[in-house]
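Coordinate inspection notes
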Amino acid sequence: MHEPWLLAEVVLNVPLHSTFYYIIPKELQDQDIALKRVAVHFGRREDIGFVMRILKEEDVTTDLRDLKSVKEIESVLDAQPIFTSDLISLGETVAEYYHAPIGEVIFTMLPPLKEPKHFTNPYISDQKDFTPNEEQQQAFDIMKDSVGTASTFLLQGVTGSGKTEVYKLLARECLLKNKSSIILVPEIALTDQTLRRFSEEFGSNIALFHSKLSPAERSSEWLRVLKGDAKIVIGPRSAIFAPVKDLGLIILDEEHDPSYKAMDSPRYHARGVAFMRSKKEKALLLFGSATPSIESRYASDQGLITKIQLINRFNNIPLPEVQIVDLKEEKTGNTFLSETLFKKLVDTLAQQKQSLIFLNRRGYSPSLLCQDCGFFFKCPNCDIGMTWHKRDGKVKCRYCEFEDSAPNNCPECGGFNIKDVGHGTEKLEDSLQTLLPAARILRLDLDTAKKKNGSDKVLKAMRDHEADILVGTQMIAKGHDIANITLVGALFPEIMLSLPDFRASERTFSLLSQAIGRAGRRDTQGYAIIQTYLADHFAVQLAITQDYEQFYKQEIQIRKEFNYPPFVRMGRIVFRSTDENTLTQLNYHLKKYLKKEKSNFQAHQLEVLGPSPCPIERINNYYRYHILMKAKNHASMLRVIKFIYKLYKGFPSKDKIKIEIDVDPTQIL
Ligand SMILES: [Zn+2]
Ligand SMILES: [Zn+2]
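The structure displayed is predicted, hence computed values, not measured ones.

1. Here we look at the overall build of the protein chain
For the protein chain, the helix and strand inventory stands at 20 helices and 27 strands. Rg of the C-alpha trace for the protein chain: 27 Å, near the compact-globule value of 26 Å for 669 residues, within the 12% margin. The dimensions of the protein chain, computed from C-alpha atoms along their principal axes, are 90 × 65 × 50 Å. When burial is assessed residue by residue, the protein chain has 44% of its 669 residues classed as buried. Of the contacts formed within the protein chain by residues at least 6 apart in sequence, a portion of 74% connects residues at least 24 apart.

Below you can see the structure in the form of structure tokens.
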């Protein structure tokens, strides 16, 4: 018999759906090690664990089976707790909801903590007053008393209506109640703008959660929030896990944005997590958007979310005039720029105004083709064509890390007749520079944003009018407020519309509306041109007038007819392996059991499709199959996922196969 143990329930960053118990040795028992990181032995290696809670041996309900194998904690790594018990509870809910490994969830929530180094907010001294207009004040008045209560609102305001001012009023109210706020912004490039605007009012009360900060700066910001020294957190998706005290307000700006969904495990959606946090910690949750997600808008129709509208643009600036260039009628020639758009660009330059040209594809061209033998340059690891990046002299794969120097001749026939097919932002930049040699042209896409402060520099140059034309992908369409832009060109929305995704229309409408909304944001009438072969598509047509209501009416009908969210919940499980045979065997194994359940599934209004090959059958040398599920509600979805997970666990060669579980997937490639 041993003396009763004091045990720590520990999670490790491993893809397992369980926690682990370690004995707290005598010498560590006089300090509270809960919510701290510890060094432990796991299997044969040493690893960093995180202590969720401390339990007496008799309180442990899990079967500790072979008690002799319970190990001791080696050492404690933190002097102070680095987490809150509210966050533990949130992590457990997230893990359950997304059927994600609890350790992966907790370690996703935690930043990699280093020796902290103070982060200096560059905008702290820009104090400025603002006066809300009547509409903004009314929106605030409706929500004011709900700050600090579990309530959800949708602020639907046309582009340029000044949603940020409403956010600031709410954050101020929250501070007055001595509570904290979390402000989420979708795009890294937008964080800077939001930081600047909030700093004008809240100064050092702001903490920035941002992947561009160094790990030391991030640690410093994390600790400042944990201690309650900063009460307003601004950041992208992961800032929803900020360790704030007395949370009173959560804002998701541009709530429809796809970047709120995590693409790696745990595949959470910030909207979903924000909802959980709002309920648990009694915080007002506000979704802001000019083009709300169909799901959020539907929830407001159902009375689950209170909708508030801002219908006027700030200072009553009219919406841009929009013209469609139908490429079936007006040909573009080699430059793929229509005569209409080109003329307008020249005019805008002459008036010393700025233009923005939006093309949602980066690189020089999306593919290379040998004109002699038809050889098509594909990634050797993936089933997908490679993008040509002329600047780097490389061809690159969008799905794996593979890149190669751009070929001079065809690897198949040796010919030199290689042609680039299609166009990306690099090619657009080059063409424009050739056509308009005197224009100062900048480009913003993932490639230029990757450079240190890349996006901030480009946007600053635009704000300071050190550039005339900004070319870019969706990064330039979103939320930027640059006073002197009067012309927006949107090229080839069909690139977005042709994706095999039931949200393609929604995303296209939203990106087009936002891009168009960048034009004419101060005292000048804006102008926009959409250049497309699909001029009649309803997502394109309705973007002209930014008629969200009409778009929603049509889109929700389609969703209903084809049984897509919000009328069902979707789930997806991907199985991938470098060994195609084992994967085929797993498919037999799964199909056998799924077939037996067919009538049971039908009785519960469940649709289970597959396993079948993914649209991209191979990525990074992994062969891929998936199962798609549709269910009436989340609970029954989770039951099927757990059932399939169990089948996978029962497959003898499961170690050769990786599983990816995605609840509410946003893409199914
Ligand atoms: Zn060839
Ligand atoms: Zn690849």
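2. A short note on the sheet that holds strand β10 (residues 247-253)
If you walk across this open sheet you meet the 7 strands as β8-β9-β7-β10-β11-β6-β12, and the pairing is parallel. A single partner strand is all that each edge strand has here, and the edge strands are β8 (206-208) and β12 (306-310). Averaged over all pairs of adjacent strands, the angle between strand axes in this sheet comes to 20 degrees, irrespective of strand direction. When β8 meets strand β9 (residues 232-235), the two strands line up parallel, connected through 3 bridges. Each bridged residue has a counterpart across the sheet, and for Leu208 the counterpart in β9 is Ile234. Helix α4 (residues 163-176) rests against β6 (151-157), β7 (180-184), β9, β10, β11 (284-289) and β12 of the sheet, and its axis sits at about 170 degrees to β10.

3. Overview of the packing of helix α1 (residues 85-97) against helix α2 (residues 102-109)
With their axes 9 Å apart at the nearest point, α1 and α2 run at an angle of 130 degrees to one another. Relative to α2, α1 is oriented oblique. The crossing of α1 and α2 is right-handed. Together, Leu87, Gly91, Glu92, Val94 and Ala95 of α1 and Ile102, Val105, Ile106 and Met109 of α2 make up the contact between the two elements. The residue makeup of the contact of α1 with α2, split by class, is 7 nonpolar, 1 polar and 1 charged.

4. Brief notes about the domain arrangement of the protein chain
What the domain assignment reports for the protein chain is domain 1 (6-109), domain 2 (134-315), domain 3 (317-364 + 423-559) and domain 4 (569-663). Here the C-alpha centre of domain 4 lies 40 Å away from the C-alpha centre of domain 3.

5. Observations concerning the sheet that holds strand β17 (residues 394-396)
Pairing is antiparallel across the open sheet formed by 3 strands, whose spatial order is β16-β17-β18. Strands with a single pairing partner mark the edges of an open sheet, and in this sheet they are β16 (387-389) and β18 (403-405). Direction aside, the axes of adjacent strands within the sheet are offset by 25 degrees on average. In terms of strand pairing, β16 meets β17 through 3 bridges, oriented antiparallel. Opposite Trp388, over in β17, you have Val395 as the bridge partner.

6. Comments concerning the environment of Ile250
Within the element layout of this structure, Ile250 appears in strand β10. A residue is classified by how many C-beta atoms lie within 10 Å of it, and Ile250, with 28 of them, is buried. Sequence separation between Ile250 and Leu435 is 185 residues; the distance between their C-alpha atoms is 47 Å. With residues up to four places along the chain from it excluded, the contact list for Ile250 reads Ile182, Ala274, Arg277, Ser278, Ala283 and Leu285.

7. Brief notes about the pairing of β9
Residues of β9 alternate between two faces, with Ile232 and Ile234 on one and Val233 and Gly235 on the opposite face, all of them buried. For the crossover that starts at β8, traverses helix α6 (residues 215-226) and ends in the parallel β9, the hand is right-handed.

8. Re the nonpolar core
Soluble, globular proteins show a tendency: their nonpolar side chains are buried together. Val10, Leu170, Ile182, Ile183 and Val233 are the most contacted members of the largest nonpolar core, which has 121 residues in total. Setting aside anything within four residues of it in sequence, one finds Ile182 in contact with Val233, Ala239, Ile240, Ala242, Val244, Leu247 and Ile250. Of all hydrophobic cores here, the second largest spans 47 residues; its members include Leu356, Leu432, Val471 and Leu491.

9. Points about the packing of helix α8 (residues 294-301) against helix α17 (residues 548-561)
For any two helices packed against each other, the geometry is given by the interaxial angle and the distance between the axes. Between α8 and α17, the least distance of the axes is 11 Å, while the angle of their chain directions is 95 degrees. If you check the angle between α8 and α17, you find them roughly perpendicular. On α17, the residues touching Ile294, Arg297 and Tyr298 of α8 are Tyr552, Glu555, Ile556 and Arg559. Classifying every residue of the contact of α8 with α17 by side-chain character gives 4 nonpolar, no polar and 3 charged.

10. Side note on the environment of Met570
Structurally, Met570 is set in strand β24 (residues 569-577). Residue Met570 is classed as buried on the basis of its 20 C-beta neighbours within 10 Å. The sequence separation of Met570 and Lys632 amounts to 62 residues, and the corresponding C-alpha distance is 8.9 Å. When sequence neighbours within four positions are dropped, the list of residues in contact with Met570 reads Pro565, Met629, Lys630, Asp664 and Pro665.

11. Quick notes on helix α20 (residues 634-649)
Along its 16 residues, α20 runs 22 Å from first to last C-alpha, staying within 8% of the 22 Å computed at 1.5 Å per residue. Taken residue by residue, α20 has Met637, Val640, Ile641 and Ile644 as its buried positions. For α20, the arc enclosing every buried residue in end-on projection is 100 degrees, short of the 170-degree limit, so these residues lie on one face. Structural note: α20 exposes Ala635, Lys646 and Lys649 on the side pointing more than 90 degrees away from its buried face. Looking at the buried residues of α20, the elements they touch are β24, β25 (607-619), β26 (622-631) and β27 (658-663).

12. A few points about the pairing of β25
With 7 bridges connecting them, β25 and β26 associate as antiparallel partners. Paired with Ser612 across the bridge in β26 is His626. The turn linking β25 back onto β26 is made up of 2 residues, and Asn620 within it adopts a positive phi angle of 50 degrees.

13. What about the environment of Lys343?
Here Lys343 shows up in helix α9 (residues 339-350). For Lys343 and Leu638, which are 295 residues apart along the polypeptide, the C-alpha to C-alpha distance reads 56 Å.

14. As for helix α10 (residues 425-435)
Taken as a whole, α10 has its buried residues at Thr425, Glu426, Lys427, Leu428, Glu429 and Leu432. In the core, the buried residues of α10 are packed alongside β14 (354-359), β16, β20 (441-444) and β21 (469-472).

15. Side note on unusual backbone geometry
Here the bond from Pro565 into Pro566 is cis, since omega is 10 degrees, no more than 30 degrees from zero. Notably, Asn178 is not glycine yet its phi reads approximately 60 degrees, a positive angle. Mapping Asn178 onto the fold places it in the loop between α4 and β7. The exposure class assigned to Asn178 is exposed, which follows from the 12 C-beta atoms found within 10 Å.

Rules and cut-offs
Residues numbered from 1 in each chain as written. Chains lettered and ligands numbered in written order. Predicted model: local features only at pLDDT ≥ 70, side-chain atom pairs only at ≥ 80, totals over all residues. Helix = DSSP H or I, 4+ residues; strand = E, 2+ residues; numbered from the N terminus. Rg over C-alpha atoms; globule rule 2.2 N^0.38 Å. Buried ≥ 20, exposed ≤ 12 C-beta atoms within 10 Å, placed from the backbone. Contact = placed C-beta atoms within 7 Å. Pairing = 2+ DSSP bridges. Axes fitted to C-alpha atoms, helices over the stretch in contact; angles between N-to-C directions. Parallel < 35°, antiparallel > 145°, perpendicular 65-115°, else oblique. Left-handed = near helix turned anticlockwise from the far one by under 90°. Nonpolar A, V, L, I, M, F, W, Y, C, P; charged D, E, K, R; others polar. Domains from an automatic or database assignment. Right-handed = clockwise from strand over helix to strand, strands pointing away. Core = buried A, V, L, I, M, F, W, Y, C linked by C-beta atoms within 7 Å. Expected span 1.5 Å × (residues − 1). Arc of directions from axis to C-beta.

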